[in-house]
Amino acid sequence: MEVDLCGDCPLIECTPRQRVRTTSGTSINDSDLDIANEVGNMGQDIPDPNACFNQKVREQNRRKQWQLNYQEAAIYLQEGQNNDKFYTHPQSHEALPAYQVAHNHWFYMLDMFAALVVMLLAASERPAVAYFELPVGIHGSLEMLCLLILSLDLGIRFKWLRLWGFIKHRRTLFKAILILLMLVESIVVLVRQTNHFRVTRALRPLFLLHTHYCQGVRRITRQIMQSMPPILDMIILLLFFMLIFSILGFYLFSGIKTDTNFKTIQSSFISLFVLLTTANYPDVMMAAYNESRFSCVFFIIYLSLELYFLMNLLLAVVYDTFSNLEKSKIRSLFFHKREGCMHAFRLLVTQANHSGLSVKHFIGMMGYFLPKKSKRDYYLMFKALNTSKTGMIQMEEFFNIYEVSRLRWKLKSDVSLWSSNFRHPCNIIFKSLNWLANWKYLDYFIYFVIAGNFLWILIETARISSDGTNVESYNFTTSWISISFICIYSIEAVIKILGRGPYDYFTRGWDLFDFLVTLVSVVGVFGEIFENSFYYVMILRPFRLLRLFKLKKRYRDVLGTLFVLFSKLMSLAICIIIVYYFYAIIGMEFFLDTDLKDCCQNTSVESAYAYKNGTAATGYYYMNNFDNIFVSGVTLFELTVVNNWFIIMEGYANAVSQWTRIYFMSFYIVMMVVMNIVVAFVLESFIFRINYRRQMHLDDIDDHGVYKEEITLTESEMHMVTSLAAPLTGEYIRSQGEPGPYVFRGEGHRTREDFSLRMYHEEVEAWSKEFMANRHEVVNAMQALRNRERPNTEQRADNADLNDVLFPRDVFPSTEILSDV
């Protein structure tokens, strides 16, 4: 009588023809050679195919297990790429639908939309922007609706993270607490039908930080927070010396009757704090200087120490901290990606060969990792990874999957000319346009035209200026000269787009810049024809002169850094806007309905707020208020620029309370830190670009900007990757026969991480050794992720130790160094 080892299998014995005899005498089926070596979290509920006698059920279970392993391996690679924590990985098959919903692009957009609407509600709430004000019931209901949408993400995350994973993920836990708090506040607003004091609105940007599309902003914010400890040390030192000089200034100058800056220790500290920004210099010194000329020594020493030494030292500390964090981030991501590859690799190898990954299972996984690619592209990636030409990818080769997966594959004959597949005579025309677009003298001609255009605009502007003409009333008419320049620019753009192809043209920073300025210039010409006021759009044409800076290497580094940094600078700009939003909400709550007109009588800033007979007497500082979110942003920008910022602070100190200075002084310190980080960010990127070019002996870093790989396919391989019925095999790679007729070229743009790994190749070798030394800890972490046994089957006690499975001694000797990424 047969013994049923699988609860789902009927008691039917397999026929002898379905079995083969192994060297140990054990009877197994041919398909058992393709049994997965490891079962992931999602496949734990699938019965073990080895324990099932029925061939049909065995094949079904095997296919289910492989599909779940493919999907889970793809998730591991995505988590490694996105730097997601592996403890947030789905722990069971039941958690997979929730994970897929939360990582759907439509859900990303819904979450982003709700976060933006919640932030923009500040324009409709008290104090509201004119024309945007909404009744309490409407904006309160909108807030509750958006909070409920944001809470959907939390509910879906709880489905796969479970309670402990949810609590352990601090960002998600904090979002849950914040949503709960704001839901209670919105209910109170709806019940009372009136707005109350709500400083918590300043935390709304945290919802935006949590969204998928703000990953770059989140990383910049994390770097800023990680940079804070040494920066705070320097700020404390800065304030300590400021306090020492405040005490000294009080004892030296408090006896001067005409000097109100040092009458008390409080006024002394505030005056020196403002002096650090140079906004009140030399006014703060003149009363003491009038009393004694030697008093200037105090101010000279103070400014030399605080402004020119400690402030520059602060910038140096910020730069050093930021640059170290950049390398530390690269190192952390290097380890994280390799760990993700190890997690994926263990799910893709078989029991028959647990050290090599076959073509079949690689393509099965890539169908989930990059679903929009073709079967041919998957095979080309496999062949590019398999540098050993064995037909099976080893672990150290699999580590390069992130770089290879970015390649876009084309036949080599089609690479140089995007229009090679066009019919005659179009292919001849486009080939001629391609030659003309790449003709170096075309660029020289355009440089000459740009210089002539700039000279013409300069002469015309000088003539209008010398005639004393009122620009607002001047009748700007379109001349044949301006039309000629615009036509030349437009023809150049058309030639390059049609000759080199739209993708090649619009993915280059300089070409995209040229196109945008040309487009604006065309709009300006039509505006000049139909509406003279559009002439102000046309003044952007001289910006094309920036193309001339490409001729000098140093200028290429400067402007090239700008193009490379554009996306990250946008993240920094969003960080600054978030800081503005935070302080704007606080300012609106504390300074609502504050009237600054004639608020500072008998003070040093009286003239700035003087208001008589319905008009400002000498200043307009009363307009720097917090009446709504946009006006508050303008006021905060004025404080950021620093010039005369203390006048705004003194106005609110006199009109509201002396304690309001804490708000303005804290804003200055925060913005000082943020702006120093912006400067450090730009410096680090520029210096990295220069050092990379020198170390790699390049004229331009853009020479290494594109990663290229060439792969040759035979007729048999082309049939295999184009036919659905053809079996997938690596025998063609292993045979190493004559090169095939099909040559494919893969191209991909290198990222900052790729440049860093190439530049720090010595450190990368050390990181690889460290990774190999710590591989046992990584394996133990893998095993800990699967902490429950599979139902309906016994645990694989007879299997080799997981460390021996992943790192067999004959494949991974202890002295081996992993290849560079």
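Reading guide: rules and limits
- Residues numbered from 1 in each chain as written.
- Predicted model: local features only at pLDDT ≥ 70, side-chain atom pairs only at ≥ 80, totals over all residues.
- Heavy atoms only, no water.
- Helix = DSSP H or I, 4+ residues; strand = E, 2+ residues; numbered from the N terminus.
- Areas by Shrake-Rupley, 256 points an atom, 1.4 Å probe, with all protein chains shown as cover.
- Salt bridge = Lys/Arg side-chain N within 4 Å of Asp/Glu carboxyl O.
- Buried < 20%, exposed > 50% of the residue type's maximum accessible area, 1.4 Å probe, protein only.
- Patch = residues over 30% accessible without salt bridge, like charges linked within 9 Å, V, L, I, M, F, W, Y side chains within 5 Å.
- Lys, Arg positive; Asp, Glu negative; His and termini not counted.
- Charge placed at Lys NZ, Arg CZ, Asp CG, Glu CD.
- Phe/Tyr/Trp six-rings, centres within 6.5 Å; stacked < 30°, edge-to-face > 60°.
- Expected span 1.5 Å × (residues − 1).
- 1 Å grid on protein atoms, 1.4 Å probe; cavity = no way out; pocket = protein on both sides within 12 Å on 5 of 7 lines; lining within 4 Å.
- Points joined across faces, edges and corners; volume = space filled by probe spheres on them.
- Nonpolar A, V, L, I, M, F, W, Y, C, P; charged D, E, K, R; others polar.
- Contact = heavy atoms within 4.5 Å.
- Axes fitted to C-alpha atoms, helices over the stretch in contact; angles between N-to-C directions.
- Parallel < 35°, antiparallel > 145°, perpendicular 65-115°, else oblique.
- Core = buried A, V, L, I, M, F, W, Y, C linked by side-chain atoms within 4.5 Å.
- pLDDT = per-residue confidence, 0-100.
- Pairing = 2+ DSSP bridges.

## As for the overall build of the protein
- Along the backbone of the protein there are 31 helices and seven strands.
- Total accessible area on the protein is roughly 41,200 Å²; 62% of this is exposed by carbon and sulfur atoms.

## As for the pattern of salt bridges
- Counted under the stated rule, the structure contains 23 salt bridges.
- In this structure, R376 and D377 form a salt bridge, with 3.2 Å as the shortest nitrogen-oxygen distance.
- On the accessibility criterion, R376 (24% relative accessible area) is partly exposed.
- Residue R406 pairs with D754 through a salt bridge whose shortest N-O separation is 2.2 Å. Placement of the pair is R406 in the loop between α14 (401-404) and β3 (408-411) and D754 in helix α28 (residues 752-759), with a sequence separation of 348 residues.
- A residue is classified by how much of its surface remains accessible, and R406, at 28% relative accessible area, is partly exposed.

## Side note on a positive patch on the surface
- A grouping of K85, R170, R171, R219 and R222 is seen on the molecular surface, where their side chains present a positively charged patch.
- Listing elements by their share of the positive patch, those giving two or more residues are α5 (170-192) and α7 (215-253).
- Position of R171 among the secondary structure elements: in helix α5.
- Overall, R171 belongs to the partly exposed group, its relative accessible area being 30%.

## Overview of the packing of aromatic side chains
- Inspection of every chain in the model, using the stated rule, returns 45 aromatic pairs.
- Ring centres of F334 and F335 lie 5.8 Å apart, and the angle between their planes is 75°; on these two criteria the pair is classed as edge-to-face.
- The exposure class assigned to F334 is buried, which follows from its relative accessible area of 3%.
- Relative accessible area serves as the criterion here: at 15%, F335 is assigned to the buried category.

## Here's the deal with helix α25 (residues 661-695)
- Taking 1.5 Å per residue, 35 residues should reach 51 Å; α25 reaches 50 Å between its end C-alpha atoms and fits that length.
- Phi turns positive one or two residues past the end of α25, at H697, with a value near 55°.

## Focus: the layout of surface pockets
- In this structure, the second largest pocket spans a volume of roughly 670 Å³.
- Along the walls of the second largest pocket sit 28 residues, with T260, N261, S271, S604 and E650 positioned nearest its centre.
- Where the lining of the second largest pocket is concerned, the elements lending two or more residues are α8 (265-276), α9 (283-291) and α24 (645-655).
- For the lining of the second largest pocket, the element with the most residues is α8, which contributes five residues.
- Taken together, the residues that form the lining of the second largest pocket break down as nine nonpolar, 15 polar and four charged.

## Describing α8
- For α8, which comprises twelve residues, the first-to-last C-alpha distance of 17 Å matches the rise-based estimate of 16 Å (1.5 Å per residue) to within 8%.
- Burial runs high along α8: nine of the twelve residues are buried.
- When we look at burial in α8, the residues that qualify are S267, S268, I270, S271, L272, F273, V274, L275 and L276.
- Packing partners of the buried residues in α8 comprise α7, α9, α10 (296-348), α24 and α25.

## With respect to the packing of α10 against α28
- Relative orientation of the contacting elements α10 and α28 amounts to 95°, with a least axis distance of 11 Å. Viewed along their axes, α10 and α28 adopt a mutual orientation that is roughly perpendicular. Touching E326, I330, L333, F334 and K337 of α10 are R752, E753, S756 and L757, all from α28.
- Considering only residue class, the contact of α10 with α28 consists of four nonpolar, one polar and four charged.

## Brief notes about the environment of S92
- Within the fold, S92 resides in the loop between α1 (55-82) and α2 (96-102).
- The buried category is assigned to S92, whose relative accessible area is 7%.
- Distance in space between the C-alpha atoms of S92 and N41 is 5.1 Å, their sequence separation being 51 residues.

## A few points about the nonpolar core
- Core analysis: the largest hydrophobic core is formed by 105 residues, its most contacted members being F207, F299, Y609, I629, L636, W645 and F664.
- The residues touching F664, leaving out its near neighbours within four places in the chain, are F591, F626, L639, W645, I648, M649 and Y652.
- Core analysis: the next-biggest nonpolar cluster, separate from the first, contains 53 residues, A73, A74, W409 and L713 among them.

## Considerations on the confidence of the model for the protein
- When the pLDDT values of the protein are averaged, the result is 80; 81% of them are 70 or greater.
- In this model, residues 1-32 is a region of pLDDT below 50 whose contacts with residues beyond four sequence positions or in other chains number 52 contacts.

## As for the sheet that holds strand β6 (residues 706-713)
- Spatial strand order, β3-β7-β6: three strands in an open sheet with antiparallel pairing. The open sheet has two edge strands, β3 and β6, and neither has a second partner. Recorded for the sheet is a direction-independent mean angle of 25° between the axes of neighbouring strands.
- Of the strand pairs in this sheet, β3 and strand β7 (residues 742-749) are connected by four bridges, and their pairing is antiparallel. Of the residues in β7, the one forming a bridge with L411 is F744.
- The sheet contacts of helix α12 (residues 375-385) involve β3, β6 and β7, and relative to β6 the element is tilted by about 100°.

## So, a nonpolar patch on the surface
- Together, F158, L163, W164 and I167 give the surface a local cluster of nonpolar side chains, amounting to about 460 Å² of exposed area.
- Looking at the element boundaries, W164 is found in helix α4 (residues 136-168).
- Among the residues examined, W164 registers a relative accessible area of 63% and is labelled exposed.

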